[in-house]
Amino acid sequence: MTEILLYGNEEWSSYIADDNGKPLMKKIENGYYFIINDTDSNEEDIEWSEMYSVNAIVAVYDVDNNILYYYEIDT
């Protein structure tokens, strides 16, 4: 589900996108990610696509280019 959050797929658009729905996050081949789900939800195992809103902090480190991407999502 993390890939949908960052990049989207055929069914869902990315949560990190420009005004036209184009993902802002480029595909990272070698890296690490860290996500804090800050959504007020009582369910621990709920999927991103099932949430009414998404509030999260996302950090992605691109090892090949030595770049850290940081996003805060509040829908």
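For the structure given in this document, a descriptive report is provided here. All figures in this text were calculated on a predicted structure; none of them were measured in a lab. Counting restarts for each chain: residues are numbered from 1 in the order of the written sequence. Local features in this predicted model are restricted to residues of pLDDT 70 or higher, and side-chain atom pairs are both shown and tallied only at a pLDDT of 80 or more, whereas totals for entire chains, interfaces and linings draw on every residue. With hydrogens and water set aside, each side-chain value is computed from the structure's full complement of heavy atoms.

Secondary structure follows DSSP: runs of H or I at least 4 residues long count as helices, runs of E at least 2 residues long count as strands, and numbering of each begins at the N terminus. Helices and strands together make up the secondary structure of the chain, namely one helix and three strands. The helix and strand sequence of the chain, counted from the amino end, reads α-β-β-β. Counting all 75 residues of the chain, 31% fall into the buried class. Nonlocal contacts in the chain, meaning residues at least 24 apart in sequence, comprise 40% of its contacts between residues at least 6 apart. Total accessible area on the chain is roughly 5,600 Å²; 44% of this is exposed by carbon and sulfur atoms. Three labels apply to residues, based on accessible area from a 1.4 Å probe with only protein chains included: buried if under 20% of the type maximum, exposed if over 50%, partly exposed otherwise in between. Only heavy atoms enter the contact rule, under which two residues are in contact if any of them lie within 4.5 Å. The Shrake-Rupley method, run with a 1.4 Å probe sphere, supplies the accessible areas, and residue values consider only the shown protein chains as cover.

The subject of this paragraph is the sheet that holds strand β3 (residues 67-74). Only strands joined by at least two bridges in the DSSP assignment are considered to pair. Here three strands make up an open sheet; going across it, the order is β1-β2-β3 and the pairing antiparallel. Every interior strand has two partners, whereas the edge strands, β1 (31-37) and β3, have only one. Taken pair by pair, the neighbouring strands of this sheet meet at an average axis angle of 10°, ignoring direction. With eight bridges connecting them, strand β2 (residues 55-62) and β3 associate as antiparallel partners. Pairing of A59 across the sheet is with Y70, part of β3. Angles shown run from 0 to 180 degrees and are taken between the N-to-C directions of axes, each axis being a line fitted to C-alpha atoms and, for helices, limited to the stretch in contact.

Its place among the elements puts N55 in strand β2. Note: C-alpha distance between N55 and E72 (17 residues apart in sequence) is 7.5 Å.

This part is about the environment of L24. Examined against the element boundaries, L24 turns out to sit in the loop between α1 (2-7) and β1. As a C-alpha pair, L24 and L6 span 18 residues in sequence and 8.3 Å in three-dimensional space. L24 has contacts with I16, A17, D18 and Y71, leaving out every residue within four places of it along the chain.

Next up on the list: the pattern of salt bridges. Take a side-chain nitrogen of Lys or Arg and a carboxyl oxygen of Asp or Glu: if they are within 4 Å of each other, that pair is a salt bridge. On inspection of all chains with the given rule, the structure shows one salt bridge. Between D62 and K26 there is a salt bridge, with its nearest N and O atoms 3.6 Å apart. A residue pair is termed long-range when its members are at least 10 positions apart, and D62 in strand β2 and K26 in the loop between α1 and β1 qualify at 36 residues.

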